[in-house]
Amino acid sequence: DNQQQVSQVELLTPLCKTIASTDQQDTAEAGLNALHVILEGAGHNLSGDAWPILIEAISDLSGDCSNAQGRFSADRSAETWNTCSTLAFRCLKLIVDDFLDQLPRSE
């Protein structure tokens, strides 16, 4: 069996980067819905190194542009992004409620 294994981070990075960097709220919304499905179906199988990239992508949709450092030009605090903020909160709540013990500890 000569198949190369792909890490969870390699699989999740394109989705998370799209969520974090898009200026289109419908693209972010679709990405968050996909992320929520992944968390519900396979969150218990995610490794410690996958969590930071997920949480960073979700936090980029908080509407707070103070730490964005020019990564996106859309005003994510605008009313058109409300659904994305709600979905991001739902993903974060799922992580905290169901997977908090799996998150890597910061030193």
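The following refers to the structure shown. (Residues numbered from 1 in each chain as written. Predicted model: local features only at pLDDT ≥ 70, side-chain atom pairs only at ≥ 80, totals over all residues. Heavy atoms only, no water.)

## Here we look at the environment of Ala 88
Mapped onto the secondary structure, Ala 88 falls in helix H4 (residues 82–99). Owing to a relative accessible area of 5%, Ala 88 belongs among the buried residues under this scheme. As a C-alpha pair, Ala 88 and His 36 span 52 residues in sequence and 8.8 Å in three-dimensional space. If we skip the residues at most four places from it in the chain, Ala 88 touches Leu 32, Ile 58 and Leu 61. (Helix = DSSP H or I, 4+ residues; strand = E, 2+ residues; numbered from the N terminus. Buried < 20%, exposed > 50% of the residue type's maximum accessible area, 1.4 Å probe, protein only. Contact = heavy atoms within 4.5 Å.)

## Some remarks on H4
Compared with an ideal rise of 1.5 Å per residue, which puts 18 residues at 26 Å, H4 spans 25 Å between its outermost C-alpha atoms and is within 8% of the ideal. Among all positions of H4, only Cys 84, Leu 87, Ala 88, Cys 91, Leu 94, Ile 95 and Phe 99 are buried. Viewed end-on, H4 has its buried residues packed into an arc of 120°, placing them on one side of the element. Of the exposed residues in H4, those oriented more than 90 degrees away from the buried face are Thr 86 and Phe 89. Check the buried side of H4 and you find it contacts helix H2 (25–42) and helix H3 (51–59). (Expected span 1.5 Å × (residues − 1). Arc of directions from axis to C-beta.)

## What to know about the packing of aromatic side chains
The geometry of two aromatic rings is summed up by the distance between their centres and the angle between their planes. Evaluated as defined, the whole model comprises 1 aromatic pair. Between Trp 51 and Phe 99 the ring centres are 5.5 Å apart and the planes differ by 35°, which places this aromatic pair in the tilted class. Taken together, the positions of Trp 51 in helix H3 and Phe 99 in helix H4 put the pair 48 residues apart, joining distant regions of the chain. Neither Trp 51 nor Phe 99 differs from the other in exposure class; each is buried. (Phe/Tyr/Trp six-rings, centres within 6.5 Å; stacked < 30°, edge-to-face > 60°.)

## Focus on H3
Taken together, the buried positions of H3 are occupied by Trp 51, Leu 54, Ala 57 and Ile 58. Relative to the axis of H3, the buried residues are bounded by an arc of 135° and lie together on one face. In this fold, the buried residues of H3 make contact with helix H1 (8–21), H2 and H4.

## Section: a nonpolar patch on the surface
A contiguous nonpolar patch, built from Ile 55, Leu 92, Val 96 and Leu 100 and spanning about 290 Å² of accessible area, is present on the exposed surface. Topologically, Ile 55 is positioned in helix H3. Ile 55 gets classed as partly exposed once you look at its relative accessible area, which sits at 31%. (Patch = residues over 30% accessible without salt bridge, like charges linked within 9 Å, V, L, I, M, F, W, Y side chains within 5 Å. Areas by Shrake-Rupley, 256 points an atom, 1.4 Å probe, with all protein chains shown as cover. Salt bridge = Lys/Arg side-chain N within 4 Å of Asp/Glu carboxyl O.)

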